[in-house]
Amino acid sequence: MSVIEYFIKNIGLILKLTIEHIEITLIAVAISTVIGVAIGIFITRHQRAAGAIIGIAGILYTIPSLALFGILIPFIGIGLKPTLIALILYSQLALIRNTFVGIIHIDPSIREAGKGMGMSNWQFLRMVEIPVALPVIMAGIRTAAVMNIGTATIAAYIGAGGLGWLIFRGIASVNSDQIIAGAVPVILLAVGVDYLFILLERALTPAGLRN
Amino acid sequence: MSHVIIKFDGVSKVFPEGTRAVDDVSFEIFDGECITFVGPSGCGKTTTVKLLNRLVEPTGGHIYLNDQDTAQTDVIALRRSIGYVIQDVGLFPHMTVSQNIALVPRLQGWPERKRNERTEELLHLVGLEPAAFRNRYPNQLSGGQKQRVGVARGLAADPPVILMDEPFGALDPITRAQLQDEFLRLRRRLKKVILFVTHDMDEAIKLGDRIAVMRNGKIVQFDTPRKILREPADPFVRDMVGREGGIKLMKLLRIADIMDPADGMTIPADRLSEAERRMAESGKDILLVVDKEGRFQGTISYEQVMRGGRSGDVALLDRALPPAETTDEVGHTLEAMLRNKRVWLPVVGEDQKLRGVVTMTNFACFFTAGDAPSGGTS
């Protein structure tokens, strides 16, 4: 029961850290979405570059997070900046790949009809490609968001703040109440965001594409 | 003939990998014409048509639309002035039927009310009840309904020229025949230049004012369906036409095409008393009786004139002979004549006015005129 006591006693701190955690994730997801979707669209227009760019995003994705922080710290220092950069880099694979796949898999006849009717490249992108690919792009954003919540937890180690701070402090001081007080909100946050995005995905799927 | 709308002048398309898809093709299309492009797959028919809206850019020659070189026209404006209908329809899955149809008008900035009116009009035109269909999504439509929407979308901004790339190719035979018939009905109502690609010679014959038969990127023959059926330019075209060329021609031709005028054979109903004299003058022993407006009333024979004592009584008229209509298929009329043991029939128009007569001699001429219509006899 000491966990609950700890929780109640430190509710202010836990809330503050949760909000911090959400902030980091939100900023990272927002920036990575803009970059990732833009790159994803770019490689649908330059498909020869697609393999290389998705490959690079794939390699970035496989770098262990502590190693990535380790590389970034000497150049950028510690804190929020290297954290955001790391989160954005990790998100790129999911975002670029989903945007690319979502757009590239649009039926060729739809593409031909749009072009033949005299839609400009931009009109076709805005009125057809993005709306039709939106569910797939949203799935990419969802993957990135959930992953960012996890990685942001580790980033507390390099001074990014967030709920990871409680966990690391708890480990350092062998205080399991503190560890749990950090871990449980992170888990809830990850599961909750995942669920929220499932709902969002459904809401954003155009009626004609629902089964 | 009216003026030239589309002109291909020595047009070629060589794809980067070296395929010569279209090889020095020249032709002209006149106002209001429907041209069917037919040939085996890979003959260049689709490429030829796509050269017009620049979905494919030519590697040689010039293409003119209304005397304007399409290479000099803004490609977006060019495409919006040409309706485009394709085999796989390509409806936008996230848009409703009416949003799909109204797309080009929307791109052109039509106000919403005008767009809605146009959509309703077009749905009626293609035989879809607006109340039932306007808010449906493409995945709620059958194949035939999808293509009806595709055609409506192609017509939406009222383009003067329409490209149709095998629009009925993916449909089952019954739906296909139905849409072909409606296509013909539509064509009578809308005066459009249509370039229609098909691999089916029967479809090309049925729908085209003229047919461009293509092979290996070249137009082998560019002629009316009749000419192609009667005088195929070479064995390839003969093969495309198939063995039943004569039968196809019978389906294609109307009685108006083979009938003779009824000159000197008519007599007004109120002047039957002159029948004997008229018969003597013309050497005919039967006359066609018409009313004041020229509508066919019946026939009167020399025998009847004699029996009636030259009285000029209208009751003497023989009304038993049902006339043929100018728009009847040659084959149907021939069949009816054989069944009723008639050697000739009067021909009337839709307004029942007498237009001419058709005799067995006309049929004989039809079958023996020109070259043998098909390869079947060789």
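Just so it is clear, the structure is predicted and the values come from calculations on it, not from any experiment.

A. Spatial organisation of the overall build of chain B. Assigned secondary structure in chain B consists of 17 helices and 16 strands. When the backbone C-alpha atoms are referred to their principal axes, chain B occupies close to 85 × 55 × 40 Å. For chain B, with 378 residues in total, the buried portion stands at 40%. In chain B, once contacts between residues fewer than 6 apart in sequence are set aside, the share between residues at least 24 apart is 63%.

B. Representation of the environment of Glu182 of chain B in the model. Residue and element names in this part refer to chain B. You can see Glu182 is positioned in helix α8 (residues 173–189). The partly exposed category is assigned to Glu182, around which 15 C-beta atoms lie within 10 Å. Spatially, the C-alpha atom of Glu182 lies 33 Å from that of Val11, the residues being 171 residues apart in sequence.

C. Molecular detail of the domain arrangement of chain B. In terms of domain boundaries, chain B breaks down into domain 1 (4–253) and domain 2 (257–366). In this structure, domain 1 of chain B and domain 2 of chain B have C-alpha centres spaced 43 Å apart.

D. Representation of the pairing of strand β8 (residues 193–198) of chain B in the model. Residue and element names in this part refer to chain B. Across the six residues that make up β8, a large majority, six, are buried. Of the two faces of β8, the one carrying Val193, Leu195 and Val197 and the one carrying Ile194, Phe196 and Thr198 are both buried. Sheet topology note: the strand β3 (residues 34–38)/β8 ladder contains five bridges and is parallel. By the bridge assignment, Cys34 is partnered in β8 with Ile194. Sheet analysis places strand β7 (residues 161–165) next to β8, joined by five bridges and oriented parallel. Paired with Val161 across the bridge in β8 is Val193.

E. Geometry of helix α9 (residues 176–204) of chain A. Residues and elements named next belong to chain A. Its 29 residues place the ends of α9 41 Å apart at the C-alpha level, agreeing with the 42 Å of an ideal helix rising 1.5 Å per residue. Here α9 has its buried residues at Gln178, Ala181, Gly182, Pro185, Val186 and Leu189. Packed against the buried residues of α9 are α1 (2–9), α2 (11–45), α7 (121–155) and α8 (164–172).

F. Local environment of the interface of chain B and chain A. Counting from both sides, the interface comprises 20 residues of chain B and, opposite them, 19 residues of chain A. At the level of elements, α2 (75–80), β6 (82–86) and α4 (103–107) of chain B are the ones that each hand at least two residues to the side of chain B that touches chain A. Split into classes, the residues belonging to the side of chain B that touches chain A amount to 13 nonpolar, four polar and three charged.

G. Representation of unusual backbone geometry within the structure. Residues and elements named next belong to chain B. Even without a glycine there, the phi angle at Arg54 is positive, about 60 degrees. As for its position among the elements, Arg54 is in the loop between α1 (45–52) and β4 (60–65). Taking the C-beta count within 10 Å as the criterion, Arg54 has 19 such neighbours and is therefore assigned partly exposed. Positive phi outside glycine occurs at Asp67, with the angle close to 65 degrees. Note on placement: Asp67 falls in the loop between β4 and β5 (68–69).

H. Highlighting the sheet that holds β8 of chain B. All names here are of chain B. Strand order in the open sheet formed by six strands is β6-β7-β8-β3-β9-β10, and the pairing between neighbours is mixed. Edge positions in the sheet fall to β6 and β10 (218–223), since each has one partner strand and no second. Shown here is a sheet whose adjacent strand axes are inclined to one another by a mean of 15 degrees, direction ignored. This element, helix α7 (residues 143–155), spans β6 and β7 of the sheet and lies at about 165 degrees to β6.

I. Molecular detail of the pairing of β3 of chain B. All names here are of chain B. The buried count for β3 comes to five of five residues, which makes it a mostly enclosed element. Burial along β3 is two-sided: Cys34, Thr36 and Val38 facing one way and Ile35 and Phe37 facing the other are all buried. The pairing of β3 with strand β9 (residues 210–215) spans four bridges and is classified as parallel. Following the sheet pairing, Val38 is matched in β9 by Val213.

J. Structural detail: the environment of Met201 of chain B. Residues and elements named next belong to chain B. Considering the arrangement of structural elements, one finds Met201 in helix α9 (residues 201–207). The exposure class assigned to Met201 is buried, which follows from the 23 C-beta atoms found within 10 Å. Distance from Met201 to Ile211, taken between C-alpha atoms, is 9.1 Å for residues ten residues apart in sequence. Discounting residues that sit within four places of it in the chain, Met201 has contacts with Val38, Met240, Val241 and Gly242.

K. Expanded view of the confidence of the model for chain B. All names here are of chain B. Averaged over all residues, the pLDDT of chain B is 88; the fraction at 70 or higher stands at 93%. Here residues 370–378 is a poorly scored stretch, pLDDT under 50, and it has 19 contacts once near neighbours within four places are set aside; other chains count. Predicted as a complex, the structure gets a pTM of 0.79 and an ipTM equal to 0.86.

L. Main features of the sheet that holds strand β11 (residues 266–268) of chain B. Residues and elements named next belong to chain B. In space, the three strands of this open sheet follow the order β11-β12-β13, with mixed pairing throughout. Edge strands, defined here as strands with exactly one partner in the open sheet, are β11 and β13 (296–301). Along the sheet, successive strands turn relative to each other by an average axial angle of 35 degrees, direction set aside. For strand β12 (residues 286–290) and β13, the ladder comprises five bridges, and the chain directions are antiparallel. The residue of β13 that forms the bridge with Val290 is Phe296. The sheet strands contacting helix α14 (residues 275–282) are β11, β12 and β13, and the helix crosses β12 at an angle near 125 degrees.

Definitions and cut-offs
- Residues numbered from 1 in each chain as written.
- Chains lettered and ligands numbered in written order.
- Predicted model: local features only at pLDDT ≥ 70, side-chain atom pairs only at ≥ 80, totals over all residues.
- Helix = DSSP H or I, 4+ residues; strand = E, 2+ residues; numbered from the N terminus.
- Buried ≥ 20, exposed ≤ 12 C-beta atoms within 10 Å, placed from the backbone.
- Contact = placed C-beta atoms within 7 Å.
- Domains from an automatic or database assignment.
- Pairing = 2+ DSSP bridges.
- Expected span 1.5 Å × (residues − 1).
- Nonpolar A, V, L, I, M, F, W, Y, C, P; charged D, E, K, R; others polar.
- Axes fitted to C-alpha atoms, helices over the stretch in contact; angles between N-to-C directions.
- pLDDT = per-residue confidence, 0-100.

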